[in-house]
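Structure assessment
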Amino acid sequence: MDRDLEDVRQRAATGPLPARLRVDELVEQAYRWALPDSSGAVADYIPALADADPDRFGLCVVEVDGASHAVGDVDVAFSIQSISKAFVYALVCEELGHAGVLERIGVDNTGLAFSSVMAIELHDGHPRNPMVNAGAIATTAMVPAADADARWAAVRTGLSRFAGRDLALDDGVYASEAATNQRNRAIARLLESYGRLEDPLEAVDVYTRQCSLLVTTQDVAVMGATLADGGVNPVTGERVVSPDVCRDTLAVLASTGMYERSGTWLFEIGLPGKSGVAGGVVAVAPGKAGIGAFSPRLDAAGNSVRAQEAIGYLSRALGLNLFASAVHDGGAHDGAAWGARP
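A brief look at the structure comes next. (Residues numbered from 1 in each chain as written. Predicted model: local features only at pLDDT ≥ 70, side-chain atom pairs only at ≥ 80, totals over all residues. Heavy atoms only, no water.)

Let us now look at the overall build of the protein chain. The helix and strand inventory of the protein chain stands at 14 helices and seven strands. Taking all 342 residues of the protein chain together, 55% fall into the buried category. Long-range contacts, defined here as pairs at least 24 residues apart, represent 71% of the contacts in the protein chain between residues at least 6 apart. Taken as a whole, the protein chain presents about 13,500 Å² of accessible surface, with 51% of it coming from carbon and sulfur. (Helix = DSSP H or I, 4+ residues; strand = E, 2+ residues; numbered from the N terminus. Buried < 20%, exposed > 50% of the residue type's maximum accessible area, 1.4 Å probe, protein only. Contact = heavy atoms within 4.5 Å. Areas by Shrake-Rupley, 256 points an atom, 1.4 Å probe, with all protein chains shown as cover.)

See below:
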């Protein structure tokens, strides 16, 4: 992230979001703030992603009551990629529980690239977290199911419940990734050698499918808002996971969601977030909203450049940074200046 967020006033607000028209204005401002940046490059190591239009850009905020604020290419479909890791992890935690998952998948940042083999070797085959490929493949393999078809169906259904609509597989992206995922297959084989996987190729195939699901920026924001609202989808009203699972998932996202740049992201933006190499990013303001952003140009770590800038703007302007504070003033609170909710 190269632009200077110090130019955006930092608010500290522990209460609700401001009036909806004001949120609309700030989403528009965030979009225009990030739009001029054309740095970064599309992910060309996956042939199907190399053809993405680099100028696409969408930004959406979905509040926990379902209110939506969107600008740009919010209805353009793209593959969910690694954003899926967060929600599959939540589904597995819902099924197996806090301790059961923690025993097999860690929660610490590797400090290395998302496809690192060294991170596995340095820790005796124990995946350090579910947001890098080794941990994500192992997490997908933990989805309770009788066979690969049932596991894939459970993953697709679960992610669709987070999005509030049926998500479809992009066959072209799946075929492209399946033909070029030798490194993931090697990672899975390495995990197998440590006794972490029983059927490594099955696990990689289901993982590749989950990454190839099509979403929009709006979908991603709804998925984030579901985590923000304690596991209840704000559009459908369906409970997808428990509040405890949301807490665990958001904690992991805060420390590991943006790969080796997670520390910088948390320091500058202060929100749990997860990126995908198709250009999508989800960020979550607990109790308030989910943010979805999409722009295909990535930084060296695989995170969308514009998405980071737009979400950074909103974090400051909307008072979303979890670590921001203000001097106690004897009763008045910053949110009052924004106006009452309609």
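With that settled, the discussion passes to the environment of Ala 134. Within the element layout of this structure, Ala 134 appears in helix α6 (residues 133–141). The sequence separation of Ala 134 and Leu 190 amounts to 56 residues, and the corresponding C-alpha distance is 9.2 Å. Discounting residues that sit within four places of it in the chain, Ala 134 has contacts with Ile 120, Pro 127, Ile 187 and Leu 191.

Another point: the sheet that holds strand β7 (residues 289–294). The sheet built from five strands is open, its strands ordered β2-β1-β7-β6-β5 with antiparallel pairing. One side of each edge strand has no neighbouring strand; the edge strands of this open sheet are β2 (68–72) and β5 (273–275). Each neighbouring strand pair of the sheet contributes to a mean axis angle of 10°, computed without reference to strand direction. As paired strands, strand β6 (residues 280–285) and β7 are joined by six bridges and run antiparallel to one another. Directly across from Val 281, in β7, lies its bridge partner Ala 293. Sitting on the sheet, helix α3 (residues 83–96) touches β5 and β6, and the angle it makes with β6 is about 45°. (Pairing = 2+ DSSP bridges. Axes fitted to C-alpha atoms, helices over the stretch in contact; angles between N-to-C directions.)

The next subject is the packing of aromatic side chains. The full count for this structure, using the stated rule, is four aromatic pairs. Relative to Phe 57, the ring of Tyr 31 has its centre 4.6 Å away and its plane inclined at 10°; by these criteria the two rings are stacked. On the criterion of sequence distance, the pair formed by Tyr 31 in helix α1 (residues 20–34) and Phe 57 in the loop between α2 (47–50) and β1 (58–63) is long-range, its members being 26 residues apart. Each of the two residues, Tyr 31 as well as Phe 57, counts as buried. Considering the side-chain rings of Trp 33 and Tyr 313, the 5.7 Å spacing of their centres and the 50° angle between planes classify their relative orientation as tilted. (Phe/Tyr/Trp six-rings, centres within 6.5 Å; stacked < 30°, edge-to-face > 60°.)

Moving on: the packing of α1 against helix α14 (residues 305–317). Between α1 and α14, whose axes approach to 8 Å, the crossing angle comes to 140°. Judged by the angle between their axes, α1 and α14 are oblique. Handedness of the α1/α14 crossing: right-handed. Contacts from Leu 26, Val 27, Gln 29, Ala 30, Trp 33 and Ala 34 in α1 reach Arg 306, Glu 309, Ala 310, Tyr 313, Leu 314 and Ala 317 in α14. Looking at the contact of α1 with α14, its residues break down into nine nonpolar, one polar and two charged. (Parallel < 35°, antiparallel > 145°, perpendicular 65-115°, else oblique. Left-handed = near helix turned anticlockwise from the far one by under 90°. Nonpolar A, V, L, I, M, F, W, Y, C, P; charged D, E, K, R; others polar.)

Its location among the elements puts Val 235 in the loop between α11 (217–228) and α12 (243–256). Looking at Val 235, the relative accessible area reads 52%, which means it is exposed. For the pair Val 235 and Val 222, spaced 13 residues apart in sequence, the C-alpha separation works out to 7.4 Å.

Bringing the side chain of Ser 275 into the picture now. Structurally, Ser 275 can be placed in strand β5. By relative accessible area, which is 0% here, Ser 275 ends up buried. Residues within four places of Ser 275 in sequence aside, it is in contact with Ser 82, Ile 83, Gly 257, Met 258, Tyr 259, Gly 280, Val 281, Gly 302 and Asn 303.

The element β1 is extensively covered by neighbouring structure, given that six of its six residues are classed as buried. Bridge count for β1 against β2 is five bridges, and the pairing is antiparallel. Across the sheet, Gly 58 pairs through a bridge with Gly 72, a residue of β2. Joining the antiparallel neighbours β1 and β2 is a turn of four residues, in which Gly 66 adopts a positive phi near 95°.

Our focus in this paragraph is unusual backbone geometry. The phi angle at Gln 81 is positive, at roughly 50°, despite the residue not being glycine. Within the element layout of this structure, Gln 81 appears in the loop between β3 (78–79) and α3. Here Tyr 259, not a glycine, exhibits a phi torsion of approximately 60°, which is positive. Following the sequence through the fold, Tyr 259 ends up in the loop between α12 and α13 (262–268).

It is the contact of α3 with α6, at a shortest axis distance of 9 Å, that shows an interaxial angle of 40°. With respect to each other, α3 and α6 are oriented oblique. Handedness of the α3/α6 crossing: left-handed. Between α3, through Lys 85, Val 88, Tyr 89 and Val 92, and α6, the contact on the second element is made entirely by Asn 133, Ala 136, Thr 139 and Thr 140. Each residue belonging to the contact of α3 with α6 can be placed in one class, and the counts come to four nonpolar, three polar and one charged.

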